Amino acid sequence: MTLLWIKALHIFFMVAWMSGLFYLPRLMVYHAQSEVQAVKDQLKVMERRLWFFVTPFALLTLVFGLWLIGLYGTQWFVAAKWLHIKLTLVLALYGYHGYLFILVKKFAADKNTHSSRFYRILNEAPVLVVLAIIMLAIVKYW
């Protein structure tokens, strides 16, 4: 029973984290397009707050994911090749999360060097990574 509760919490925090990771670059698209300083200033606040709002979800996703691995055991972890691929992709998402923080700081200092097109692509890229992670977790292939 504990395993199911931990898994449910892991999934909940992952969904909350991904919601933020999908929305933050969308704010950056609007920020990069804006010519009005008042709008840019409002977007700075929204970007910073959103990043700090979803970061605990990222950490809780990690905590509950590691707890799950611990519950399943070392032997399972070694045998679950699909999980190694999933963890590599998850590591990439944590890198992406960190990169978004760098971009939030650049926007806050009015030092953005990228176009709105760049942020559109940045917004769409993690969708494929999340799809792969979910497929690996459900199908458990490899």
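A few points on the structure.

**Quick look at the pattern of salt bridges**
Part 1: What the rule picks out here adds up to two salt bridges.
Part 2: Its salt-bridge partner being lysine 44, residue aspartate 41 comes within 3.5 Å of it at the nearest N-O pair. On the criterion of helical spacing, the pair formed by aspartate 41 and lysine 44 is a turn pair, its members being three residues apart in helix 2 (residues 37-72).
Part 3: Of the residues examined, aspartate 41 reaches a relative accessible area of 35% and is grouped as partly exposed.
Part 4: Looking at lysine 44, the relative accessible area reads 15%, which means it is buried.

**Observations regarding the side chain of arginine 26**
Part 1: Tracing the backbone through its elements, the reader meets arginine 26 in helix 1 (residues 2-33).
Part 2: Here asparagine 123 takes part through its side chain, which lies 3.2 Å from a polar atom of the side chain of arginine 26.
Part 3: Here arginine 26 is in contact with Arg120 and Asn123, once residues within four sequence places are set aside.

**Looking at the packing of aromatic side chains**
Part 1: Tallying each qualifying case throughout the model produces 13 aromatic pairs.
Part 2: Plain terms: the ring middles of tryptophan 76 and tryptophan 82 are 6.1 Å apart, the flat faces sit at 70° to each other, and that makes the pair edge-to-face.
Part 3: Taking the relative accessible area as the measure of exposure, tryptophan 76 reaches 25% and is therefore partly exposed.

The rules we used
- Residues numbered from 1 in each chain as written.
- Predicted model: local features only at pLDDT ≥ 70, side-chain atom pairs only at ≥ 80, totals over all residues.
- Heavy atoms only, no water.
- Salt bridge = Lys/Arg side-chain N within 4 Å of Asp/Glu carboxyl O.
- Helix = DSSP H or I, 4+ residues; strand = E, 2+ residues; numbered from the N terminus.
- Buried < 20%, exposed > 50% of the residue type's maximum accessible area, 1.4 Å probe, protein only.
- Polar contact = N/O pair within 3.5 Å; in protein donor to acceptor, adjacent residues only side chain to side chain.
- Contact = heavy atoms within 4.5 Å.
- Phe/Tyr/Trp six-rings, centres within 6.5 Å; stacked < 30°, edge-to-face > 60°.

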